[in-house]
Amino acid sequence: MGRKLLVKHSDGAETRQVWLVEGESLAVVEQTRGPATELAYGGQVHGHKALFSEQACRRALDVQGGSIEGALRDFFDQDDQEVLLSDLMDAFDRVGQTFTYASWSDEGDAAYRACAPK
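Below is a summary of the structure that appears in this document. On a predicted model such as this, the values are computed, not experimentally measured, just so you know. (Residues numbered from 1 in each chain as written. Predicted model: local features only at pLDDT ≥ 70, side-chain atom pairs only at ≥ 80, totals over all residues. Heavy atoms only, no water.)

1. Some points on the packing of helix α2 (residues 54–61) against helix α3 (residues 68–76)
Relative orientation of the contacting elements α2 and α3 amounts to 40 degrees, with a least axis distance of 11 Å. As summarised for this structure, α2 and α3 are arranged oblique, according to the angle between their axes. Of the two possible hands of crossing, α2 and α3 adopt the one that is left-handed. Between α2, through Glu54, Cys57, Arg58 and Leu61, and α3, the contact on the second element is made entirely by Ile68, Ala71, Leu72 and Phe75. Considering only residue class, the contact of α2 with α3 consists of six nonpolar, no polar and two charged. (Axes fitted to C-alpha atoms, helices over the stretch in contact; angles between N-to-C directions. Helix = DSSP H or I, 4+ residues; strand = E, 2+ residues; numbered from the N terminus. Parallel < 35°, antiparallel > 145°, perpendicular 65-115°, else oblique. Left-handed = near helix turned anticlockwise from the far one by under 90°. Contact = heavy atoms within 4.5 Å. Nonpolar A, V, L, I, M, F, W, Y, C, P; charged D, E, K, R; others polar.)

2. Quick look at unusual backbone geometry
Positive phi, normally seen in glycine, also occurs at Asp62, with a value near 55 degrees. In this fold, Asp62 is placed in the loop between α2 and α3. Owing to a relative accessible area of 63%, Asp62 belongs among the exposed residues under this scheme. (Buried < 20%, exposed > 50% of the residue type's maximum accessible area, 1.4 Å probe, protein only.)

3. Observations concerning the packing of aromatic side chains
All chains considered together, the criterion is met by three aromatic pairs. Their ring planes at 70 degrees and their centres at 5.7 Å tell us that Phe92 and Phe99 sit as a pair that is edge-to-face. An aromatic cluster is built from Phe52, Phe92 and Phe99, whose rings are joined through pairwise contacts. Sitting above the plane of the Trp19 ring, Arg3 keeps its charged end 4.3 Å from the centroid. (Phe/Tyr/Trp six-rings, centres within 6.5 Å; stacked < 30°, edge-to-face > 60°. Lys NZ or Arg CZ within 6 Å of the ring centre and 35° of its normal.)

4. Notes on the packing of α2 against helix α4 (residues 85–94)
One way to put it is that α2 packs onto α4 with a least axis distance of 8 Å and a crossing angle of 90 degrees. Between α2 and α4, the interaxial angle falls into the category roughly perpendicular. Contact residues: α2 offers Ala56, Cys57, Ala60 and Leu61, while α4 offers Leu88, Ala91 and Phe92. Classifying every residue of the contact of α2 with α4 by side-chain character gives seven nonpolar, no polar and no charged.

Geometric values such as these leave the question of function open.
Encoded structure:
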């Protein structure tokens, strides 16, 4: 299982990182840390992830060839806007692809949801 950093943004106080985790399935993990995270989630750290198959990801991103890591890096690393994990999940929803979602905080809160196509 490998973890690869796709994008990292920091404004000094707030940091957001997005990783691809490859194993039997794929996961994209987004973690934020800082004062804005604390205001939004009640703790200094918040993480969440979407788990899915490579085929589902290719359909959601509308990519046929090339590496899935490169396709995800291109999706998240855009100069003109900040792309979030929720944007990736919206792409899955638009094409009816299944994924699983989980979130957690340093305060011990956690959530899990299996997301099936409509």
